[in-house]
Structures are given as structure tokens and as C-alpha cells.
Amino acid sequence: RALTGSVAGTGEGAPSTSRVFVVRRDQDIYIQTLRKLFNESHGIFMGLQRSEEELAGKSRKAQLVQVSKNYRSVIRACMEDMHQAAISTRDPALQGQYSTQVSILSAMELIWNLCEILFVEAAAAGPLLLRLLDWVRLHVCDVDSMVREVLSSENPSKHKLFWNVVDIFVLQGRMDEARHLLSKEASANPTSMNMYKILDDLMKKMPVPSLGNTQTLTELELKWQHWHEECQRYLQDGTFASNPHMESICKVLLGDEDAILEKKELMTTWYHFLVTRLLYSHPTVKPMELRFYAQSSMDLFLGGESSPEPLDMILMAAFEFEMHQVIKECSIVLSNWWFVAHLTDLLDHCKLLQSHNLYFGSNMREFLLLEYASGLFSHHSLWQLGVDYFDHCPQYGRVYLELHIERIPLSTEQKALKVLRICEQRQMHEQVRSICKIMAMKALRNNRLGSALSWSIRAKDAAFATLISDRFLKDYCERGCFSDLDLIDNLGPSMLLSDRLTFLGKYREFHRLYGEKRFPEAARLLLTLMTAHIAPCSFWMTLLTDALPLLEQKEVIFSAEQTYELMRCLEDLTAGNPDKQKFQDDDVETTKVEMLRLALARNLARVIVKEGTVEGS
Amino acid sequence: VWDKSENGDWHCTASWKTHSGSVWRVTWAHPEFGQVLASCSFDRTAAVWEEIVGESNDKLRGQSHWVKRTTLVDSRTSVTDVKFAPKHMGLMLATCSADGVVRIYEAPDVMNLSQWSLQHEISCKLSCSCISWNPSSSRAHSPMIAVGSDDNSPNILAKVQIYEYNENTRKYAKAEALMTVTDPVHDIAFAPNLGRSFHILAVATKDVRIFTLKPLRKEVTSSGGLTKFEIHIVAQFDNHNSQVWRVSWNITGTVLASSGDDGCVRLWKANYMDNWKCTGILKGNGSPVNGSSQQGIFNASLGSANTSLQNSLNGSSASRYFFPPLDSPRAGSRWSSHAQLLPPPPLIEQSCDADTANLQYPHPRRRCVSRPLNLLPENEGV
């Protein structure tokens, strides 16, 4: 089931023996023409999940039937696209592929349509036959070309396939069309006028179930009995003896199996045969009776020449109302879970599936939806549809989503943000944290400190935020300026995530204040950074050094009290420093300390004078 | 190391010789820790590597640089496997060696990959070939590691051992041994835990085996709780018909891949009735075996070509789940013969003038179109 993908060789460009192969399954999701199928069915699926169950009985059923029809119309639309693709391509291989896919889609629609009739609509005896007739007419079109040929010929009744076409109409219960054709034959052959009139009349009078409640089944059956007997009489009287074609038609009307089977080639399938049989022998067939007719029809039709094929078995299971069997067979035969997942979900909404307690999902519906959605996740954009499907799998949906969403390649920031939004909406905190961490790490490795910081803030990862803040500060110490000023300036409340981050933000604020020449405020802030222990000890020296220009302004900025504080800080720093040795040996450090002491002392002197002086107004 | 470019192609971006013996395994750390690899070798060492973002020129030339952050030299014999622990345990890895010692290392500072400390040394008594961490981050599960042995000497000792971390003693202790696995084990893998209470373990030995380990209530002994497990074998496949060398799980632990000396990779999956079966066979170059079709949307699931198979363990003939491979059109089958003999489908030749309200497409049973739902189409070339 896995299909070959690209091949990886060894590097350097020279084609060498490949040793690593990349294989991918579920290639279907990459087929462009199927996109519409996946996208639109997703919309229908979501609508169904959200649809109100307040509606009961008939309205609910009508609603579900509509959903089923919508799915089918999506399948047909897809077939149309696929067909267009097939006829417009010049590549014979592609042509073949597309045609096969059209066939398969057609089979799917055939199966779905039958399931809609039997399970969703649960057509009762009477309407059941009409629905089945529609179904057959819609799906058996092998004979269309023949029909067209005859109808469009100059003299249809002379056409060699004329009677075939009449037979087709009769077999499909298309009485009006049959009668219309027959009338042409009658006008061409006046001698058979009598026979024709009788046959025409019989065909006109044939009782059929109606959709409205205009008659009960019993009434219908009664009428039908009478009519059947009338046909019988005409046949036995030899009315049609001179025209074998008409006689054969009369036999068909009487439900004569052999007569119907003679026209095997015109029906092409056993289920067409089944419906024709029912039409002419048991039009009031009940749903539960279908299985017997179906089995015998298949046996009679195949006649031991050929054995049933997968499609036959699926349809048979449907006629037997073995829903689970239908789903199982379809799962085996179809490699993509699309069909069974959506059909099963619909049947589940019709409350038709019993829950088995399963290991992989609480019931078959969930199992299939999980499979389908998982398949979508390997696609670079269809995965977003998968999210919604997981949301509607109550037992394992969430954990599947957690596992899958972590594996989506975060190739761009936009994608990462998209994924994040999905996680945040669902309170998947661990995944949010993880994704942000991964993005932060990536940014950090690429030295994009601003991006790394943003991601850690989003992840609420205090430890990482601290680490990155340290890097920022280190950068500043080395280069004398900050990078990503915008980000740091606009931290807002997220500044509080970590102490180091707070310090970074505040320190930057200090620089801003200084740049705006708001010296007293800057001074106050600087001091607070140390006294409130927001600044790490390692940074105090830098801060004190930053204080120097403030101390050496013409105007006195630091108050006496502040100056004492600064001095205390300096002493704390030099005295309590374990690397006292280092301090003493390092000339630069010693010089700095000396300068600071001097500047502080000078400031103190000036400020004492200033504060002691009574200012003139 | 290969990187995938924007257009989906894989390129080898780094290749370097470093170990002085065969490199047995490589493994990735979780991307939360950056781009980090570990390797282990016959040369008795394991190493941790980190990708360094180089000059932008390198990126353009498609080259990446990897630096060795640390070499773990504690082992006195070939180091046969190295695996990072699940990320919720921090930056931790385990190695196992041919002399039966499993070592667990931790990097306390995740930003400093050069500092690793040896936290545990576990003596398994049998030569080790593989290890697997239990990925479950549930608080109900203690850290757990499975160790496989390829010890070849004739004995019936269990070749799979499960070690669990004991919170009280702060040590790893043996919690279980799979007594039914007595042949050399080449690979072992815990499946991702979907919030289940029990664990699933795949073992590559002379065949593919899947076990479930259900924790029973912890026995309160003097050394504090050690979990006891109820062990069941839920699948056993000998399709490779030879030694199975590797097993690997998909993201959700629903598909297992195995590779063997038959040169094939096989994929195993549990159906919705919880029976494991083969869902695909690939040759060494990735191409499917037995022509499981590549075309069309819906190909039949061929599954195992060996219908002769199986698996008494799985009870019912798995053939019920598969269709027998179609080697040639079955005599009498309308489809096959027609599909082969008739000219190309008229579908293409005729213009489609059907109105959309009544789209009529060639009925799937149409003789001229190749079998839609049928298995195995055209053996190419037939």
C-alpha cells in the first residue's frame, strides 16, 4: 500500500547507488483533482456534526438524506473533473489512470446511492422499488450509445437495434419511452396494429407504486394482481404469437425470469436484473425481503460462469442490510479511507451502527475517522481539515491530534503560528509550550535573539526567557548596544515572565530615559535596579559604570541619599566579591572602581552643598 | 545527514568520519533541544553531536556543520544502541553495550551539551543489542526502558528485559523479563502511548512480535513499589521467514514497520477488530511487492502475498481480509478478460455531452474500462 516517492542518493551531485529511499503512502491526497472531494466533503461533514438533533422523525431523516445527496454530488463533481482531466490529457498513462479513477468514483457513488436508499432513507415497500429503479437507470449507462443511435436514426423502427432499445426501456421500467418507440413501429407496420394497441394498453395500465400516499400497498397489490392476470390471459391466448419481440416483452411484463434473463446483455449487471425482476414480479417488495431476491438474482445472472467480484459482494451486503459488512468490504477494497469514514459517520448519525468497544476508537466510526484524518496530516495543507475530524472523535481524537500536530514541519513562522493557534484554541498547553520552545531554539541557534525571546514569552518559558535575556545583556556588554530594540521596548506585562527579562526591559528603559535626557528618572530607575535586586549581581558593575555619566553631569542628579545608596552598592560589590583577588589584580577593574569612588565622592560633595543651600526663588 | 529542501528534494548536507569502528545507530534528540544527534559505535564510544549554524555561504552551498559535544567513553565493549529519553524526562540518553551494561546519562543544563553525567549503570547479565524508552509521559507510569539481548549462546534466558525507575530507591530495577523470547533480539520498540493504561512493545527477533504489558497494582515491597505486569502476545509474524532486524512504530502506534533478512519491509496494522495483519510489503528500494497497484485512487489492499501465512495466533484465516493475488485474469471473469482484450475505453473517445443533471459515467461494470475495484490490475507487461 505504500508507494514509492523520491529517492535520496549521496551528496555531491554525482549519481551514486542510492541507499536511502523515501516512501510515502496515501498518494491519493496528493492528487489535485481529488482536492475538491476532500475539501467539500469536509464542509458537509462539519455541517452534519453541528446539525441539530432536535429535529426528530421525518425532518431529521430528510435532513440526513440531504446530507447523503450532498456527498454524492461531491463525488459526481469530482468524477466530472476527473473525466475532463482524462479527455484533455495526451499522456496515455495518465489517461488510463484518470479513467480508472472515474470508474472507481462511479462505483463509490453507486454503493453510496444504494446505501442512501436502503439505510439513510430506509425506503419502505412501495417507494423502495421506485428508488431502486432510479438507481439502476442512473448507473447503467452502457446502453446509452445504443439508445442514442436508434433514436437519432432516420427510421428508428427499421434500425437493427430497435427492439433492443425497446427492451431496454421495458427492462428499466421506462414505459412511456417504450410506448413511444413502439408507436413508431406500429405506424410502420399496420398489420401489427392490433397487437400493438393491446401491448400499449397493458404497458400504460401497469400499476406502479407511487411516492405520495395515494394508495395503500394492499390496494396496489390488488390492482397489480388483476393486471398481471390480464397480461397472462393475452399471452396464453396467443395474442402476440406472431411477433416474437412483442411476445417476449409481454413475458417480461409477467416477470418471466427466463425471458428477462434472455436480455442479459442489455442489463449487464445482476442488480439490474434484480430490480427488473422485482418490478415485474413483486413491486411491493419489502426491504427485508430484498436479500432473498438479491442472492437468487446474482446466482441466476452469473449462472456459474463467473464468480462475484468485490463490488458485487459489497452491493450484496447492502441488500442484506449488513451494514458492517458493507463497510468492512469497502475498507478492504478501497485504499483511501475517505469513503468508509464519511459513509460510516453518516450511518452513525442515522443511529444505525451499534458500538463495539474497541481498542482503536470507541467504535467503528471513530476508528475510520481517525484513520482518514491521520492520512490527511501528511499533506502540507490538507492537515488542517484533519484537525476538524479529530475534534469529532470523542475518545482518541484529542490525543491523535496532539501527536500529529507536534510532527507538522514548522517550515515558516506563519505555519508555526497557524499550528499554535489551533493548539491554543484547544487548550493543548503542552503542545503550545513545545512548539514555542522548538521555534525559540531554532531562532536562538540562528542568533535571532528577538525572535527567540518572542517565542519564549509565548511559551511562558521563564527559564528560556532568562537565558535569552542573558544573551541580550551579554551582547550589550560586548557591543555596547541592544539588538531588537522594538521587541524589548514593547514587552509590556510579559516582562514579568522572568526576573532577568524584567531587568532587561527595565535596563533598556533606563537607556531610553537617558537618551531622552530625563536624567532624574533615569537615575532613579538605575538605583532601583540595584536596590530592588532586579539586576543580577554580575551586572552591577555595568550599572555603576552606567551611572558615571550621570554623576559627572553639570547638574547634580543623584540626591545625597541616592549617592549613599550607590556607594553602598559599590562597597557591597567589591567587598563581597569572591574574586577579590581578581579585582585587585585586574587593572581595568581597579581603575573603574577608583573612578567610581571618586565620582561618587564628588557627587556627594556637590549634593550636600546643594541640599544644604537655601535656594533662592 | 540529509536535509529536505523547499522543493521537497533530499540533499546530503553533511558527511563525516569520526568513529574508529562501525557506527551502529544514530538517533535524534527532540527538536526542543535543538538539532542534536547521538551515535554509537563498535569503537566502544557513543557521541553527541550538535548542528552549528555556519556562515550563510554554507547554507547556500547546502552544507551544514556538526560538532561533537561529548564523547561517552565509559563502555568497555561495543556500544550497540543509543536512545534519547522522552523529552519530559529532560535531556537524557541511554546506551547499551555488548557486555550487557546499560548506561543512562543526563545533561543537567540543556543548553550545555558538553556536560553529561552518568546517572545509572544497569547490568543486564546478557549482551545487549537494543534499547527502547517507554514514551509515556503519564504520571501513572514511571520511566521505563526495555532492553533486548542478542546473546547467542544456547540458553533459554529471556532476551527482553524491562527496567523501571523506582522513585524510592532512585534506581532502575528489573521489573519484567519476557520469558517467551529466547532467541536473539535485534531491535525493540515501545509504541507511542495514546493515554492507554497499558504498554505495547514490538520485538524484532527470529520473527516479529507484539506484546502488551498491562501494569498490575504495584506490589508494596520493602524497596517500594515495583510494577508487576500482565504480559500478552498480541501478534507474531514469521512472514520475513528470516531474522527480523528492525522494528519501528508510526506516530500513533497504529502501524508497525519491520525489516528482515528477506530484504523486505513489512507494515503491520490492527484492524478495527483489533487483529493485527500485514498491510504492505516493500522491497529494499521501496517499491511495493507483487505489484500492489500504483494507479488509481482506490487500490485494493493486497496485504500479504503469503496467504499461506499465518498466524494461528490471529485465528481466522487472514485471507478473509485479503484478496488472493491476481496473477492472470480469471477465466470466465467478464472484467479481466474484457479489460485486457478490448480496445481502449471509449470513454476517452466519445465526447461527453451529458448534461450535468444526469451525469452518466461509464458504469463501473462497463466492460471496456479496467476493473475498478478489482485488485491488481495489469501486471505491467502482461
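Just so it is clear, the model here is predicted, and its values are computed rather than measured.

Each helix and strand in chain B was counted, giving 3 helices and 22 strands. Per-residue burial for chain B yields a buried fraction of 53% across its 382 residues. Considering only contacts in chain B between residues 6 or more positions apart, those separated by 24 or more positions represent 47%. A total of about 17,200 Å² of accessible surface is found on chain B, and carbon and sulfur atoms cover 50% of it.

Our focus in this paragraph is a nonpolar patch on the surface. A surface patch of nonpolar side chains, amounting to about 240 Å² of accessible area, comprises Val20(A), Trp2(B) and Trp10(B). Considering the arrangement of structural elements, one finds Trp10(B) in strand β2 (residues 10-12).

The next subject is the sheet that holds strand β20 (residues 255-260) of chain B. Residue and element names in this part refer to chain B. Here 4 strands make up an open sheet; going across it, the order is β19-β20-β21-β22 and the pairing antiparallel. Both edges of this open sheet fall to β19 (244-249) and β22 (276-283), since each of them pairs with a single strand only. Across the sheet, the axes of successive neighbouring strands diverge by a mean angle of 20°, strand direction being ignored. As paired elements, β19 and β20 share 5 bridges and run antiparallel to each other. Residue pairing for β20: Val247 is matched across the bridge by Ser258.

All names here are of chain A. Across all of its chains, the model carries 45 salt bridges over all chains by this definition. The shortest N-O distance in the salt bridge between Arg72 and Glu109 comes to 2.8 Å. Residue Arg72 is found in helix α2 (residues 57-88), and its partner Glu109 is found in helix α3 (residues 92-120); the two are separated by 37 residues along the sequence. Two residues, Arg479 and Asp475, come together in a salt bridge whose shortest N-O distance is 4.0 Å. You can see Arg479 and its partner Asp475 sitting in helix α24 (residues 462-479), 4 residues apart, about one turn around the helix.

Considering the arrangement of structural elements, one finds Ser287(B) in the loop between β22 and α2 (334-341). With a relative accessible area of 18%, Ser287(B) lands in the buried category.

Size of an interface, as often reported, equals the accessible area lost when the parts are brought together. All names here are of chain A. Per the domain assignment, the segments making up chain A are domain 1 (135-283), domain 2 (409-516) and domain 3 (535-616). A C-alpha centroid distance of 32 Å is found between domain 2 and domain 3. Carbon and sulfur atoms supply 78% of the area buried between domain 2 and domain 3, which totals about 720 Å² over both sides. Of all residues in domain 2, the largest losses of buried area upon contact with domain 3 belong to Phe503, Tyr507 and Tyr514, amounting jointly to 56% of the total for that side. Linking domain 2 with domain 3 are 0 salt bridges. For the pair domain 2 and domain 3, the number of links is 1 residue pair in polar contact (both at pLDDT 80 or more). The set of elements that each furnish at least two residues to the side of domain 2 that touches domain 3 consists of α24 and α26 (499-515). In terms of residue count, the dominant contributor to the side of domain 2 that touches domain 3 is α26 (6 residues). Grouping the constituent residues of the side of domain 2 that touches domain 3 by class yields 7 nonpolar, 1 polar and 1 charged.

What follows deals with the packing of helix α1 (residues 35-50) of chain A against helix α19 (residues 383-391) of chain A. All names here are of chain A. Two elements in contact, α1 and α19, have axes separated by 11 Å at closest approach and are oriented at 25°. Judged by the inter-axis angle, α1 sits roughly parallel to α19. Like other packed secondary-structure pairs, α1 and α19 cross with a definite hand, here left-handed. Taken together, the residues of α19 that come into contact with α1 (itself represented by Phe38, Asn39, Ser41, His42, Phe45 and Met46) are Leu385, Asp388 and Tyr389. When the residues that make up the contact of α1 with α19 are grouped by side-chain class, the tally is 5 nonpolar, 3 polar and 1 charged.

This part covers the sheet that holds strand β3 (residues 23-28) of chain B. All names here are of chain B. Pairing is antiparallel across the open sheet formed by 4 strands, whose spatial order is β3-β4-β5-β6. The sheet is open, and its two borders are formed by β3 and β6 (65-72), each paired with just one other strand. This sheet shows a mean twist of 25° between the axes of neighbouring strands, independent of strand direction. Bridge count between β3 and strand β4 (residues 36-41): 5 bridges; the pairing is antiparallel. Across the sheet, the residue bridging to Arg25 is Cys40, located in β4.

Right, let's get into the packing of aromatic side chains. Scanning all chains against the criterion turns up 33 aromatic pairs over all chains. Ring centres of Phe503(A) and Phe539(A) lie 5.1 Å apart, and the angle between their planes is 75°; on these two criteria the pair is classed as edge-to-face. Taken together, the residues Phe503(A) in helix α26 and Phe539(A) in helix α28 (residues 537-551) connect sequence positions 36 residues apart. Here the two residues Phe503(A) and Phe539(A) agree in accessibility, since each one is buried. Site record: aromatic cluster; members linked through ring pairs are Tyr476(A), Phe503(A), Tyr507(A), Phe510(A), Tyr514(A), Phe519(A) and Phe539(A). Looking at Lys264(A), its charged tip hangs above the ring of Phe301(A), at a distance of 5.2 Å from the centre. One Lys or Arg, Arg196(B), reaches over the ring of Phe198(B) and ends 5.6 Å from the middle of that ring.

This brings us to the nonpolar core. Residue and element names in this part refer to chain A. Leu253 and Phe319 are the most contacted members of the largest nonpolar core, which totals 211 residues. It is α3 that contributes the most residues to this core, 15 residues altogether. Those residues in contact with Phe319 that sit more than four places away from it in its chain are Leu114, Leu118, Leu132, Trp135, Trp270, Tyr271, Leu274, Leu290, Arg291 and Ala294.

Excluding glycine, residues mostly have negative phi values, and the peptide bonds linking residues are mostly trans. All names here are of chain A. Unusually for a residue other than glycine, Thr268 sits at a positive phi of about 60°. Note that Thr268 resides in the loop between α12 (264-267) and α13 (270-281). The exposure class of Thr268 is buried, given its relative accessible area of 18%. Phi at Gln427 is positive, roughly 50°, even though this residue is not glycine.

Residue and element names in this part refer to chain A. For helix α23 (residues 449-459), the buried fraction is high: 9 of the 11 residues fall into the buried class. Of the residues making up α23, those classed as buried are Leu449, Gly450, Ser451, Ala452, Leu453, Trp455, Ser456, Ile457 and Ala459. Just past α23, the residue Lys460 takes up positive phi, approximately 55°.

How each quantity is defined
Residues numbered from 1 in each chain as written. Chains lettered and ligands numbered in written order. Predicted model: local features only at pLDDT ≥ 70, side-chain atom pairs only at ≥ 80, totals over all residues. Heavy atoms only, no water. Helix = DSSP H or I, 4+ residues; strand = E, 2+ residues; numbered from the N terminus. Buried < 20%, exposed > 50% of the residue type's maximum accessible area, 1.4 Å probe, protein only. Contact = heavy atoms within 4.5 Å. Areas by Shrake-Rupley, 256 points an atom, 1.4 Å probe, with all protein chains shown as cover. Patch = residues over 30% accessible without salt bridge, like charges linked within 9 Å, V, L, I, M, F, W, Y side chains within 5 Å. Salt bridge = Lys/Arg side-chain N within 4 Å of Asp/Glu carboxyl O. Pairing = 2+ DSSP bridges. Axes fitted to C-alpha atoms, helices over the stretch in contact; angles between N-to-C directions. Domains from an automatic or database assignment. Buried area = accessible area lost by both parts, 1.4 Å probe. Polar contact = N/O pair within 3.5 Å; in protein donor to acceptor, adjacent residues only side chain to side chain. Nonpolar A, V, L, I, M, F, W, Y, C, P; charged D, E, K, R; others polar. Parallel < 35°, antiparallel > 145°, perpendicular 65-115°, else oblique. Left-handed = near helix turned anticlockwise from the far one by under 90°. Phe/Tyr/Trp six-rings, centres within 6.5 Å; stacked < 30°, edge-to-face > 60°. Lys NZ or Arg CZ within 6 Å of the ring centre and 35° of its normal. Core = buried A, V, L, I, M, F, W, Y, C linked by side-chain atoms within 4.5 Å.

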